[in-house]
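Residues per chain, in single letters:
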Amino acid sequence: MLNCFGRFLANENSAEFVESVSHQYGLGTLERLLWAGPCGVRRAAALAIGFLGEFENNEALGRALHDEDRGVRLLADHGLRQLWFRQGPPGQRPLLVRTAWLNRCGKHDEAHDLASDLIAAQPELAEAWNQRSTALAGMNDLSASVEQRKEVLYLNRHHFVAASCLAATWLQLDEMMLALEAFRLTLEICPDLENVRAQIGKLERIVGG
């Protein structure tokens, strides 16, 4: 594992890294290494799961957000954002990616409709709820957006992006205490988010004052 990781760091050839690791390790083994291996091995395992993993590995990478090593935590953060789009039937995953693209392009009506279709077919699809929430926020339906983010966190307790967006929406609604609670939840999920830590300090001063 360390040899594979070392070559990747030297040449940044992700295809070679993925091929080498996939031939030697299953995802169950990678999870065990992520949990109990030495630092370099944990980093390699986090990277590999990000490349090779499925949504079922979300729990393992979510725990790794609290690893003692910052490198592991950063790789887990990046890997989780990939895994969230690998839930549900493979044929629907490109549509899930498209909802995010539509939201980034400001096409919130289209993103909302596509996300709704995905949710109708697969109600447990957390990222579809998240993208529909983003679309609703873009359409200025903030109250509905809040309810969608809550559903995301019910379906995926490691979704720190949804928690952070929920906090930001509460701020827009001038609900300072609720925003503070949501930012605290975000930091509880992903302790490395320094911008969230700063927001908490600011809100604590406002609420305390």
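By convention here, each chain's residues receive numbers from 1 onward along its written sequence. Predicted model: local features are reported for residues with pLDDT of at least 70 only, side-chain atom pairs are reported and counted for 80 or more only, and whole-chain, interface and lining totals are derived from all residues. Based on all heavy atoms of the structure, the side-chain values leave hydrogens and waters out of the count.

Engineer: How do you make sense of the pattern of salt bridges when you look at a structure like this?
Structural biologist: Pairing is possible between side chains that carry opposite charge, provided their charged atoms lie close to one another. Throughout this description, the term salt bridge denotes a Lys or Arg side-chain nitrogen within 4 Å of a carboxyl oxygen of Asp or Glu. Using the criterion set out here, one finds 11 salt bridges in the structure. The partner of Arg-42 in a salt bridge is Glu-68, with the nearest N and O atoms 3.9 Å apart. Note that Arg-42 is positioned in helix H4 (residues 39-52) and Glu-68 in the loop between helix H5 (58-64) and helix H6 (70-83), a separation of 26 residues in sequence. For the exposure calls, accessible area comes from a 1.4 Å probe over protein chains only, and a residue counts as buried if that area is under 20% of its type's maximum, exposed if over 50%, partly exposed in between. Residue classification places Arg-42 among the buried residues on the basis of a relative accessible area of 8%. In this structure, Glu-204 engages Arg-184 in a salt bridge whose closest nitrogen and oxygen atoms are separated by 3.0 Å. Pair noted here: Glu-204 is in helix H13 (residues 194-208) and Arg-184 is in helix H12 (residues 176-189), with a separation of 20 residues, a long-range link. Judged by relative accessible area, Glu-204 falls into the partly exposed class, the value being 37%. A residue is classified by how much of its surface remains accessible, and Arg-184, at 40% relative accessible area, is partly exposed. Starting at the N terminus, helices and strands are each numbered in turn, a helix being any DSSP run of H or I of at least four residues and a strand any DSSP run of E of at least two.

Engineer: For this particular structure, what's the right way to read a negative patch on the surface?
Structural biologist: In this analysis, a patch consists of residues with relative accessible area above 30% that form no salt bridge, clustered at 9 Å for like charges and at 5 Å for the nonpolar side chains Val, Leu, Ile, Met, Phe, Trp and Tyr. To measure how exposed things are, a 1.4 Å probe is used in the Shrake-Rupley method; for residues, cover is taken only from the protein chains shown. Charge assignment in this entry is limited to Lys and Arg as positive and Asp and Glu as negative, and neither His nor the chain termini are counted. Positions of charges follow a simple convention, taking NZ of Lys, CZ of Arg, CG of Asp or CD of Glu. Where like charges cluster on the molecular surface, the negative patch consists of Asp-109, Glu-110, Asp-113 and Asp-117. Among the secondary structure elements, Glu-110 is positioned in helix H8 (residues 108-121). Among the residues examined, Glu-110 registers a relative accessible area of 42% and is labelled partly exposed.

Engineer: Where do I start with unusual backbone geometry in this structure?
Structural biologist: Excluding glycine, residues mostly have negative phi values, and the peptide bonds linking residues are mostly trans. Even without being a glycine, Glu-12 presents a positive backbone phi close to 55°. As for its position among the elements, Glu-12 is in the loop between helix H1 (2-11) and helix H2 (14-24).

Engineer: What am I meant to see in H2 here?
Structural biologist: Turn by turn, an α-helix covers 3.6 residues, leaving residues three or four places apart pointing in a common direction. All of the buried residues in H2 are Phe-17, Ser-20 and Val-21. An end-on view of H2 places all buried positions within 95° of arc, on one side of the element. With respect to the buried face of H2, the exposed residues turned more than 90 degrees away are Ala-15 and His-23. The contact definition used throughout considers only heavy atoms, calling two residues in contact when any of these lie within 4.5 Å. Buried residues along H2 sit in contact with H1, helix H3 (27-36) and H4. Side-chain atoms alone can form a polar contact between residues adjacent in sequence; in general such a contact is a pair of N or O atoms within 3.5 Å, and within protein one must be able to donate a hydrogen while the other accepts it. Where H2 begins, one side-chain oxygen reaches toward the backbone nitrogen of Ala-15, 3.3 Å away; that side chain belongs to Asn-13. What the arc covers is the set of directions going from the helix axis to the C-beta atoms.

Engineer: Got a minute to help me understand the environment of Val-41 in this structure?
Structural biologist: Mapped onto the elements, Val-41 comes out in helix H4. For Val-41, a relative accessible area of 9% corresponds to the buried category. A sequence separation of 40 residues divides Val-41 from Met-1, and the C-alpha atoms of the two residues are 6.5 Å apart. Aside from chain neighbours lying at most four places away, what touches Val-41 is Met-1, Leu-2 and Leu-33.

Engineer: Just checking my understanding: could you explain a nonpolar patch on the surface for this structure?
Structural biologist: Together, Met-177, Ile-206 and Val-207 make up a nonpolar patch on the protein surface, roughly 250 Å² of accessible area in all. Secondary-structure assignment places Met-177 in helix H12.

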